[in-house]
Every structure is written in C-alpha cells, then in structure tokens.
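Okay, here's what each chain looks like letter by letter:
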Amino acid sequence: MNIRKFTVIGAGQMGSGIAQTAAQSGLVVCLHDLKEEIVQKGLKGIEKNLSRSVEKGRMSDAEKAEALGRIRVTTSLEEAASEADIVVEAAVENMEVKTDLFRHLDRYAPAHGILATNTSSLPITEIAAVTRRPERVIGMHFMNPVPVMKLVEVIRGLATADEVFDAVEQLARQMGKTPVEVNDFPGFVANRILMPMINEAIYTVYEGVAEPEAVDQVMKLGMNHPMGPLTLADFIGLDTCLYIMETLYEGFGDSKYRPCPLLRKYVKAGWLGRKTGRGFYTYES
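Model, not experiment: these values are computed from the prediction.

Next up on the list: the overall build of the protein chain. When you go through the protein chain residue by residue, the secondary structure sums to twelve helices and eight strands. Relative to the compact-globule value of 19 Å for 285 residues, the protein chain shows a C-alpha radius of gyration of 19 Å, a close match. By principal-axis analysis of the C-alpha atoms, the protein chain measures approximately 55 × 45 × 35 Å. The proportion of buried residues among the 285 residues of the protein chain is 48%. Restricting to contacts in the protein chain with at least 6 residues of sequence separation, those with at least 24 account for 67%. Across the protein chain, the centroid of the 32 positively charged side chains sits 3 Å from that of the 37 negatively charged ones.

Once that is clear, we can look at the environment of Ile155. Among the secondary structure elements, Ile155 is positioned in strand β7 (residues 151-156). For Ile155 and Glu181, which are 26 residues apart along the polypeptide, the C-alpha to C-alpha distance reads 6.1 Å. Not counting the four nearest positions on each side in its chain, Ile155 is found in contact with Ile124, Ile138, Gly139, Met140, His141, Val182, Asn183, Asp184 and Phe188.

Bringing helix α10 (residues 229-236) into the picture now. If you check which residues of α10 are buried, you get Pro229, Leu230, Ala233 and Asp234. One side of α10 carries all its buried residues, which in axial view fall inside an arc of 145 degrees. Of the surrounding elements, those touching the buried residues of α10 are α8 (190-206), α9 (212-223) and α11 (238-252). Gly237 lies just past α10 and shows a positive phi near 110 degrees.

Before going further, it helps to spend a moment on the UniProt feature "domain: 3-hydroxyacyl-CoA dehydrogenase C-terminal" (unreviewed entry) in the protein chain. Mapped onto this numbering, the UniProt entry gives "domain: 3-hydroxyacyl-CoA dehydrogenase C-terminal" (unreviewed entry) at residues 187-283. Between the C-alpha atoms that bound residues 187-283 there is a distance of 28 Å. The span itself is 63% helix and 0% strand.

Below, the discussion takes up the side chain of Asp216. For Asp216, the position within the fold is in helix α9. Despite its burial, Asp216 pairs with no opposite charge, the nearest such side chain being Lys220 at 6.5 Å. Sequence-distant contacts of Asp216, defined by excluding residues within four places in its chain, comprise Gly228, Pro229, Leu230, Thr231 and Tyr281.

Let's shift gears to the nonpolar core. The biggest cluster of nonpolar side chains holds 37 residues, and the ones touching the most others in it are Phe6, Ile18, Ile86, Met140, Phe142 and Met175. The leading source of residues in this core is helix α7 (residues 162-174), at six residues. Dropping the residues within four chain positions of it, Phe6 is found in contact with Ile18, Ala22, Leu27, Val28, Val29, Cys30, Ile86, Val88, Leu171 and Met175. Formed by 23 residues, the second largest nonpolar core is a distinct cluster that contains Ile202, Val205, Tyr266 and Phe280.

Criteria and thresholds
- Residues numbered from 1 in each chain as written.
- Predicted model: local features only at pLDDT ≥ 70, side-chain atom pairs only at ≥ 80, totals over all residues.
- Heavy atoms only, no water.
- Helix = DSSP H or I, 4+ residues; strand = E, 2+ residues; numbered from the N terminus.
- Rg over C-alpha atoms; globule rule 2.2 N^0.38 Å.
- Buried < 20%, exposed > 50% of the residue type's maximum accessible area, 1.4 Å probe, protein only.
- Contact = heavy atoms within 4.5 Å.
- Lys, Arg positive; Asp, Glu negative; His and termini not counted.
- Charge placed at Lys NZ, Arg CZ, Asp CG, Glu CD.
- Arc of directions from axis to C-beta.
- UniProt positions renumbered as here; feature names shortened; annotations may be inferred.
- Salt bridge = Lys/Arg side-chain N within 4 Å of Asp/Glu carboxyl O.
- Core = buried A, V, L, I, M, F, W, Y, C linked by side-chain atoms within 4.5 Å.

Written as structure tokens, this is what we have:
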C-alpha cells in the first residue's frame, strides 16, 4: 500500500511534531484540531522548529519552505479524514475521547484508509472495536519530541491485518524512524517499563528517602540516564504519568502499578510539571 496523504488529529506538541516529521519526509499532511487558534499555534511551532534547523545548518531555506508547503490545517474533521491514506490520532490520552474520535474517523475516512492512534498506553483492540474496520486500526506510538526521537512502537490490535502492519512499519522508516513491533498490552513496552520507574522515584520522595534533586542525580550519574526520572516526569506532565499508571493498575490489577499518593496530590493541586510552571521542580513562565 502506498501512503501519500497523511492526516494528524491533534495539533499539540505530539501532533505537530508528527505532522512536521511527516512533511519533512515528503508526505502531504493535513493537521487538524478543534479550534483555529490551536492549529495555527501548532503550525507556528513547526515553523519555529524548522527555522531552528535552518539556523543550525541541518536544512536549507528551500527545504524548510517545501516542508511547510506540504502542510495544510483545518478544523473540519470530515475534511481532514476524507482523502487520507492514514489518519494518526494524537488527541488527549482518554479512552472516551479516542473512541468517540474513531467512530467519526471511521465514518469519514476512505475505505482503504488506515486509522492509527498515538496512544501511549490504551488498548488498541478496544479502540478498534468501535469501528467497522478493526483490521485497519493500529497503534503508532511516537516518542516526544517527535522530530528528534527515533523510536516508534507499532502496536497490533487483535484484528490488525498483516498488510496494515507492514504498511505502517514501512511508513515509519520513510519518516526516518525505527519501528519496533509490540503487542497490545497496557502500556505496551515503553511505558510499562518507564512509568513504574518514575512512580518508584516519586515513592522515594514521598517516603522521605531523598529529595527530587538527589533522586535525579543518582539516576543520571549512577545509571547514565540523560535525564532524571522526576525531571522527565515534569517534562511528560504529571497528569499524563498518573493516567498511564492508572491504566497499568486497572489493566493488570497488580499492586505494583499503584500510583503513588504524592503523584495524585500534585495532580490535584494542578502541579503538572513544565506546562503549569510547577511539578517536582519550579519553572519560570
């Protein structure tokens, strides 16, 4: 299957990063969000990233113009999906939101269209079940920041067809990524390993074992991690971390995935990390 027309649903940090990467790889991209100001903000973010690449000598002005020329934006879901060879959903990590979106995408997308979700933890099979094409639904989990990170988890649902998996795997390579095949379990591989580590780091603060700076220093200097787990949690968003831990806890029913009470407290306080200016660390606005 030849994928040429690439639609992204959600113009936030992940969605705009996916759109940028797709456009740079030569795909014709449509970027959608609910409000005009959101899609324009996403487009400006892409332009800023590309300008930075030009300044650093990684691309020419002509290449930047060509990439931007491949991207159009819309607030109409029907328009975004109607001609797409693949739709990648990058909306909020919430099952109700995603299943509602996929019902609409199933109605609007052409019969040959692949419906992919960038979910970081939710079951692909359950999302696929609300459509009339579960064999054409797949997980395509990019890492943040998308233009930089090489990994894409390609997740089969129970009904995902081999031809669909092969097409998405090839697409990921075309986008300059390294696809890794993963089966449909809560958290897949990346977050099933990462989030319990972050949760355990939060427990060490909660139990008074060490301060956040000390925890991060131990993991950076002792384990050679480029970023400490609490700094990373702030970068991801503590609300997202909590949601993924709750998905793991519910999905496996194992107490080892129980979210730390301190994580819940911070989220209830609105201390979500970098995006709110405060999490385990304080950030200037």
